[in-house]
Amino acid sequence: MRIMRILNYLVVFIFTSAYISAAEPDDSLKSAFAKRFDIGVAIPGTNLKDSEKALLLKHFSTITSENSMKPQSLHPDEGRYEFGSSDALVEMARSNGITVNGHTLIWHSQCPNWFFTDNGKPAERELVLKRMREHIAGVAGHYAGKVASWDVVNEAIDDGREYLRKSKWLTSIGEDFIAEAFIAARLADPKADLIYNDYGIELGGKREKALRVIRDLKKRNAPITGVGIQGHWALDRVPFKAIEDAIIAFHAEGLKVSITELDIDVVPRSSFGADISTREKGSDDPYANGLPADIQKRLADQYAQLFALFLKHSDKMSRVTFWGLHDGRSWLNGFPRRRTNHPMLFDRSLQPKPALDAVLGAAKQHE
Ligand code: XIL
């Protein structure tokens, strides 16, 4: 009798769980793409609402810190490191079984001026180089074994006619600052993926310069392992063909490609790119009360088209990271001017938008 009752329970249990899983298919981004590449998200810190944390853990397998690992946050004065908030983020990731991408070791923005001055005067090459190496050893050493990758150098390429951006890193050290940064990162962390990260490098002119950076690094025996295409794109202007060509070209150099900062800006703007010093005037806010359905649909279609492309080339890719958890958390609400933006897959109430279904649909079609 007892055996019968147990069997009975077992049968009921099996049926109920089959029913539940049929009624609630696993519709998370991370499982939809698990066999192809990681799905990541940038978060501002660990002080997320419970609902945001649940969204994060459901959909994403890897995180990037939006600001707390930049030199300005981690290393405000020479020799003084502030690891508190990024340590908390790394610990949150570890205890939830997700990975961390370090962003970023060397960048011209959000970098304190002490790196470049010596008693009020511009510091000599050797001093800036020594400080750069110490910074990388201090930070990448602190997180060795705890981060999956580092954006070693961010946005070193010039947007105009020059090869490299005229940053203080370039003017103080010279062109080899990029190679020196990669060499120092490998010394500090023997295993992490080491990435060159930039915006607009999918497009003609900057793509050629990115290829030049990659080849120059190889010539100098600098250990680059990946390229990050930031992926700050704009509705109706996503350069699909250029993105595809760039993924193929970077992969042909023996590197894995990631999309590291994906979003699609839906509010019309007059400037492009993602240089955080760009500011636009004006205060019009056309979608303050929500996104019209036709634009919502275009956003969904363009996200689906992007993911179809990533799936087609998934053998060349390691990760796609969204730059923000939901519309209310996107930096595009403040850049290049204040406005109400709707660039992500989840709205301000954390509800899935048609774009989420479209992206999941793309995954199903490519199963
Ligand atoms: C942005 C952050 O999202 C903002 O919170 C901050 O005020 C400025 O920086 N390219 C990058 C990122 O590599 O670090 C930038 O992040 C967005 C553009």
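Scroll up for the structure.
Calculation rules
- Residues numbered from 1 in each chain as written.
- Predicted model: local features only at pLDDT ≥ 70, side-chain atom pairs only at ≥ 80, totals over all residues.
- Heavy atoms only, no water.
- Axes fitted to C-alpha atoms, helices over the stretch in contact; angles between N-to-C directions.
- Helix = DSSP H or I, 4+ residues; strand = E, 2+ residues; numbered from the N terminus.
- Parallel < 35°, antiparallel > 145°, perpendicular 65-115°, else oblique.
- Left-handed = near helix turned anticlockwise from the far one by under 90°.
- Contact = heavy atoms within 4.5 Å.
- Core = buried A, V, L, I, M, F, W, Y, C linked by side-chain atoms within 4.5 Å.
- Buried < 20%, exposed > 50% of the residue type's maximum accessible area, 1.4 Å probe, protein only.
- Salt bridge = Lys/Arg side-chain N within 4 Å of Asp/Glu carboxyl O.
- Polar contact = N/O pair within 3.5 Å; in protein donor to acceptor, adjacent residues only side chain to side chain.
- Nonpolar A, V, L, I, M, F, W, Y, C, P; charged D, E, K, R; others polar.
- Near = heavy atom within 4 Å.
- Areas by Shrake-Rupley, 256 points an atom, 1.4 Å probe, with all protein chains shown as cover.
- Pairing = 2+ DSSP bridges.
- Expected span 1.5 Å × (residues − 1).

S.K.: It is not clear to me how the packing of helix 10 (residues 240-252) against helix 11 (residues 293-312) should be interpreted in this structure. Could you clarify?
M.R.: A pair of packed helices is characterised by two quantities: the angle between their axes and the separation of those axes. Helix 11 packs onto helix 10 with a crossing angle of 20° between their chain directions and a minimal axis gap of 11 Å. By the criterion of interaxial angle, the relationship of helix 10 to helix 11 is roughly parallel. Once helix 10 is placed against helix 11, the crossing between them reads as right-handed. In this structure, helix 10 uses F240, I243, E244 and I247 to contact helix 11, whose residues at the interface are Q302, Q305, L306, L309, F310 and K312.

S.K.: Explain the nonpolar core here, please?
M.R.: The biggest cluster of nonpolar side chains holds 109 residues, and the ones touching the most others in it are L29, W150, F307, F310 and F322. Broken down by element, this core gets its largest block of residues, 10 residues, from helix 11. For F322, the contacting residues outside a window of four places in its chain are L29, I39, G40, V41, A42, F60, L262, Y303, F307, M344 and L345. Formed by 7 residues, the second largest nonpolar core is a distinct cluster that contains Y199, W323, W331 and F335.

S.K.: Please clarify how the pattern of salt bridges should be interpreted in this entry.
M.R.: A pair can form between side chains of opposite charge whenever their charged atoms are brought close. Considering all chains together, one arrives at 27 salt bridges under this definition. D236 is paired through a salt bridge with R298; the nearest N and O atoms lie 2.8 Å apart. With D236 in the loop between strand 9 (232-234) and helix 10 and R298 in helix 11, this pair connects stretches of sequence that are 62 residues apart. Between R298 and D294 there is a salt bridge, and its shortest N-O distance comes to 3.7 Å. Of the two residues, R298 and D294 both sit in helix 11, 4 residues apart, roughly one turn of that helix. Judged by relative accessible area, which is 47%, D294 ranks as partly exposed.

S.K.: Mind showing me how you'd approach the environment of H232 here?
M.R.: Here H232 shows up in strand 9. Sequence separation between H232 and P343 is 111 residues; the distance between their C-alpha atoms is 9.8 Å. In this structure the side chain of H232 is engaged in a polar contact, spanning 2.7 Å, whose partner is the side chain of E261. Polar contacts involving the side chain of H232 include one to the side chain of D263, which spans 2.8 Å.

S.K.: Would you mind going over the packing of helix 6 (residues 125-142) against helix 8 (residues 177-188) with me for this structure?
M.R.: In the contact formed by helix 6 and helix 8, the axes pass within 8 Å of each other and the chain directions differ by 35°. As for how helix 6 packs across helix 8, the hand of that crossing is right-handed. Together, L129, M132, R133, I136, A137, A140 and G141 of helix 6 and F177, E180, A181, A184, A185 and A188 of helix 8 make up the contact between the two elements. Class assignment for the residues of the contact of helix 6 with helix 8 results in 10 nonpolar, 1 polar and 2 charged.

S.K.: Can you walk me through the site of the ligand in this structure?
M.R.: For the ligand, the set of nearby residues contains 15 residues, the closest of which are E66, N67, K70, H103 and E261. Contact between the ligand and N67: an oxygen atom at 2.9 Å from a side-chain N or O atom of the residue. Between the ligand and the protein, one listed contact pairs an oxygen atom with a side-chain N or O atom of E261 at 2.8 Å. Contact with the protein chains covers 84% of the free accessible surface of the ligand, which is 420 Å². Of the residues assigned to the shell around the ligand, the class counts are 5 nonpolar, 6 polar and 4 charged.

S.K.: I tried to follow the side chain of K353 on my own but got confused; where do I start?
M.R.: By the secondary structure assignment, K353 is in the loop between strand 11 (317-322) and helix 12 (354-365). Looking at K353, the relative accessible area reads 5%, which means it is buried.

S.K.: Looking at this structure, I do not really get the pairing of strand 3 (residues 99-106). What am I missing?
M.R.: With respect to burial, strand 3 is a largely interior element, 7 of its 8 residues being buried. Here 3 bridges tie strand 2 (residues 62-65) to strand 3, and the two strands are oriented parallel to one another. Pairing of I63 across the sheet is with V100, part of strand 3. Pairing of strand 3 with strand 6 (residues 149-154), which is carried by 4 bridges, proceeds in the parallel orientation. Bridge pairing links G102 to W150 in strand 6.

S.K.: Sorry, what's going on with helix 9 (residues 204-219) here?
M.R.: An α-helical turn contains 3.6 residues, so a residue and the one three or four places further along point in the same direction. Here helix 9 contains 16 residues, and its C-alpha end-to-end distance of 23 Å stays within 8% of the 22 Å for a straight helix at 1.5 Å per residue. Along helix 9, the residues classified as buried are K206, R207, K209, A210, L211, V213, I214, D216 and L217. Contact partners of the buried residues in helix 9: helix 8, strand 7 (193-198), strand 8 (226-229) and helix 10. After helix 9 finishes, the residue N221 shows a positive phi value of roughly 55°.

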